[in-house]
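Coordinate inspection notes
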Amino acid sequence: MSETGSTKRFRPETKLVHSGALRSQFGETSEALFLTQGFIYDSAEQCEARFKGEDPGFLYSRFSNPNISMFERRMIELEGAEAARATATGMAAVTTAILAPLKAGDHVVAAKAMFGSCRYVVEDLLPRYGIQSTLVDGLDLDQWKRAMQPNTKTCFLESPTNPTLDVLDIQSIAEIAHKGGARLIVDNVFATPIWQSPLSLGADVVIYSATKHIDGQGRCLGGIILSSEAFIAEHIHNFMRQTGPSMSPFNAWVLLKGLETLGVRVRAQTETAAKVANALASHPKISRLIYPGRADHPQAALVKKQMRAGSTLIGFEVKGGKAAAFRCLNALQISRISNNLGDAKSLVTHPATTTHQRLTPEARAELGISEGFIRFSAGLEHADDLIEDFAQALEKA
Ligand SMILES: *Cc1c(COP(=O)(O)O)cnc(C)c1O
């Protein structure tokens, strides 16, 4: 196999196409698919050396595989991280990054506005193993400061948040975490690596659900943890090898090819989201619209400071509660009802009855997830078709 040299000096668009590529003796243009569980060795001596870590090469696809390596290397160069481990799903990345470094007696602080399953891990799962957690209003820096304890080891947030698209101050929260001797883990799914680089803002670990924009065409699940070499070596490497939340080589190959078009897709989806947001913002049937790319976003100044552009997602509240929101969703002819996001197909979801139905009505109200709230993920369709579709669907709401 021949390796592509360092692409660190290149811009993101170039890295997305070339970083990390390995070529076999056939010199293929497109990265080959290595659908193999294991690897064979030239001799027993070579096998011994490889197990001792003295001979570079692959051992077993739970540990690594050429496709997984290519995907990890491309993401490392894009994100500006030192090391990474790809995982079977985004939730495997979140669970591993949070759980693997901790032990009973440790404490976690997290922003309460987060993806439903992440909240389950922090709020329900960790305490069962003696790891306490405090949930804070992520926008309130004083709450972060007050929640820090001597045994706080990890702070966790996502920004923009799901589904209400609040933008949290990553740099300030990283400073609070570090002052208290903790690390900051950022779930960067909604921002994408194209628009936000948490490591450069002071975060220690970045995780993605690659299922979303990185695949971008609704095919595979996947996730990745990106950080320093030391964090991976000390906390993640052995945990992943021995417990096995590894990415499948096939999925790694699909996601690697997804990265080639990530930049153009996210740019197009963001432009479309901005157009749809502007078209819907003053619609008489909509009481509230949140889009991080608009000047009326509550944290517009922070968006300018820490993100390179808005988002591929919009949140809005239809007047008339759940019944009106459902009438609108059911009348849409292009945007499809799905709890996924980041897809080439525009998707709409009703968080109160899907991703956040597990929460009590009070907890939902606290997060701003009302019965009329709809989340829209812009796809690659023509913006005018999507706007016309919303216009006819809102008539029926
Ligand atoms: C989807 C998602 C996850 C979980 O990813 P899966 O690949 O579905 O396991 C985690 N965080 C955020 C913000 C997500 O949108």
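None of these values were measured; they are calculated from a predicted model.

UniProt records the feature "modified residue: N6-(pyridoxal phosphate)lysine" (unreviewed entry) for K212 in the present numbering. Note on placement: K212 falls in the loop between β8 (205-209) and β9 (223-227). Judged by relative accessible area, which is 10%, K212 ranks as buried. Excluding residues that lie within four positions of it along the chain, K212 makes contacts with F115, V189, N340, L341 and G342.

Attention now goes to the nonpolar core. Formed by 28 residues in total, the largest nonpolar core has its most connected members in F71, M75, I214, L226 and L262. Apart from the residues lying within four places of it in its own chain, the contact partners of L262 are L16, L78, P193, I194, H213 and I214. If you look at the next biggest cluster of nonpolar residues, it comprises 25 residues, including Y291, A325, L394 and A397.

Our next topic: helix α7 (residues 170-179). Owing to its 3.6 residues per turn, the α-helix aligns residues three or four sequence positions apart on the same side. Within the span of α7, buried status applies to I170, S172, I173, A174, I176 and A177. Buried positions along α7 lie against α6 (141-147), β6 (152-158), β7 (183-187) and α11 (300-306). Immediately beyond the C-terminal end of α7, within one or two residues, lies G181, with a positive phi of roughly 75°.

Under the defined criterion, the tally for this structure stands at 16 salt bridges. The closest approach of N and O atoms between E123 and R119, which form a salt bridge, is 3.1 Å. With E123 and R119 both in helix α5 (residues 116-128), this residue pair falls 4 residues apart, about one helical turn. A relative accessible area of 32% places E123 in the partly exposed class. D215 is paired through a salt bridge with R219; the nearest N and O atoms lie 3.0 Å apart. Residue classification places R219 among the partly exposed positions, given a relative accessible area of 46%. One network of salt bridges, in which partners are shared, links E31, R74, K257 and E260.

What counts and how
Residues numbered from 1 in each chain as written. Predicted model: local features only at pLDDT ≥ 70, side-chain atom pairs only at ≥ 80, totals over all residues. Heavy atoms only, no water. UniProt positions renumbered as here; feature names shortened; annotations may be inferred. Helix = DSSP H or I, 4+ residues; strand = E, 2+ residues; numbered from the N terminus. Buried < 20%, exposed > 50% of the residue type's maximum accessible area, 1.4 Å probe, protein only. Contact = heavy atoms within 4.5 Å. Core = buried A, V, L, I, M, F, W, Y, C linked by side-chain atoms within 4.5 Å. Salt bridge = Lys/Arg side-chain N within 4 Å of Asp/Glu carboxyl O.

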